[in-house]
Amino acid sequence: AQKVTQAQTEISVVEKEDVTLDCVYETRDTTYYLFWYKQPPSGELVFLIRRNSFDEQNEISGRYSWNFQKSTSSFNFTITASQVVDSAVYFCALTSSKLTFGTGTRLQVTL
Amino acid sequence: DSGVTQTPKHLITATGQRVTLRCSPRSGDLSVYWYQQSLDQGLQFLIQYYNGEERAKGNILERFSAQQFPDLHSELNLSSLELGDSALYFCASSSPSGTDYNEQFFGPGTRLTVL
C-alpha cells in the first residue's frame with residue numbers, strides 16, 4: 001500500500017515570504033514517481049513537477065524548488081518570494097501502480 | 001488549458017437518479033483516469049482506461065461504471081445517486097507510453113450536486 005502525508009493543512013504567509021510545503025510518502029516499491037499539483041481557486045488541477053525515485057537531484061524552476069530526500073521519504077516544495085497568485089491548494093502525489101494523492105495543503109498568500 | 005475537456009461543468013440532480021459525465025482526453029493520449037474529490041475523502045482514484053480497456057480500479061463504487069470508446073473519449077456513469085456522491089469529478093489523461101509513471105493532465109472537472 002502506498003500513502004502520502006501532507007501534515008500541513010493550511011499555511012498563511014505574507015507576500016514575499018518563502019514557504020515550504022512538506023510531503024512525506026510511504027511505498028514498498030523501489031520504482032516510483034512523485035508529483036506536485038496545484039489547485040487554484042478556479043478548481044482545475046495543474047501539474048507542477050514529476051520526479052522519479054532514482055533521481056534525488058533537487059530541482060529549481062523560477063521561484064519554485066523541490067527537495068527530494070529518499071532517506072527521509074520526503075519530497076518538499078518551496079516557493080520563494082511568494083505572491084498572491086500562489087494562493088491555492090497544493091497536492092503531493094505518488095505513483096507506482098496508481099496515483100495516490102495527499103490531502104493537500106492550502107496556501108494563503110496575503111498582501 | 002490542459003487539453004482535457006469535461007462536460008458538463010455542473011450537474012444538479014436528485015437522489016436515486018443516474019447521470020453520465022463525459023471526458024475527452026488530450027490529443028494522442030490513450031490513458032484516461034477518473035477521480036472523485038470530496039471534502040471528507042479528498043482526491044480519490046476511481047478507475048483507469050487505456051486504449052479502450054479497463055486498466056486499474058480504485059475506490060469505485062459498484063453503482064458507478066465507466067467506459068472508454070474507440071475515439072478514446074470516456075464516460076463515467078453514476079447511478080442510484082446518494083447525497084454523499086456530491087463531489088467534483090475529474091478526468092485526467094496521460095501520454096500514450098503505456099506506463100503509469102507519466103504526469104496526468106486534468107480536465108476542469110464536473111461538479112455534481114445531489115439533492
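Look above for the structure.
Residues numbered from 1 in each chain as written. Chains lettered and ligands numbered in written order. Predicted model: local features only at pLDDT ≥ 70, side-chain atom pairs only at ≥ 80, totals over all residues. Heavy atoms only, no water.

Asker: Explain the pattern of salt bridges residue by residue, including any values.
Answerer: Within this structure, the stated rule accounts for eight salt bridges over all chains. Glu75(B) is the partner of Arg22(B) in a salt bridge, and the nearest nitrogen-oxygen pair spans 4.0 Å. Remark: Glu75(B) occurs in strand S8 (residues 74-78) and Arg22(B) occurs in strand S3 (residues 19-24); sequence separation between them is 53 residues. Overall, Glu75(B) belongs to the buried group, its relative accessible area being 18%. Among the charged side chains, a salt-bridge network with shared partners connects Arg51(A), Asp55(A) and Glu59(A). (Salt bridge = Lys/Arg side-chain N within 4 Å of Asp/Glu carboxyl O. Helix = DSSP H or I, 4+ residues; strand = E, 2+ residues; numbered from the N terminus. Buried < 20%, exposed > 50% of the residue type's maximum accessible area, 1.4 Å probe, protein only.)

Asker: Could you give an account of the sheet that holds S8(B), with specific residues and numbers?
Answerer: Sheet strands pair by backbone hydrogen bonding; their relative direction is either parallel or antiparallel. Residue and element names in this part refer to chain B. On the basis of which strands lie adjacent, the open sheet formed by four strands has the order S1-S3-S8-S7 and antiparallel pairing. Looking at the sheet topology across the chains shown, the edges are occupied by strand S1 (5-7) and strand S7 (64-68). Adjacent strand axes in the sheet meet at a mean angle of 15 degrees, parallel and antiparallel pairs treated alike. (Pairing = 2+ DSSP bridges. Axes fitted to C-alpha atoms, helices over the stretch in contact; angles between N-to-C directions.)

Asker: Describe the pairing of strand S4 (residues 31-38) of chain B, and please don't skip the residues or the numbers.
Answerer: All names here are of chain B. The buried count for S4 comes to eight of eight residues, which makes it a mostly enclosed element. Bridge count between S4 and strand S5 (residues 42-50): eight bridges; the pairing is antiparallel. Of the residues in S5, the one forming a bridge with Tyr33 is Gln48. Here S4 folds back onto S5 in antiparallel fashion, the turn holding three residues.

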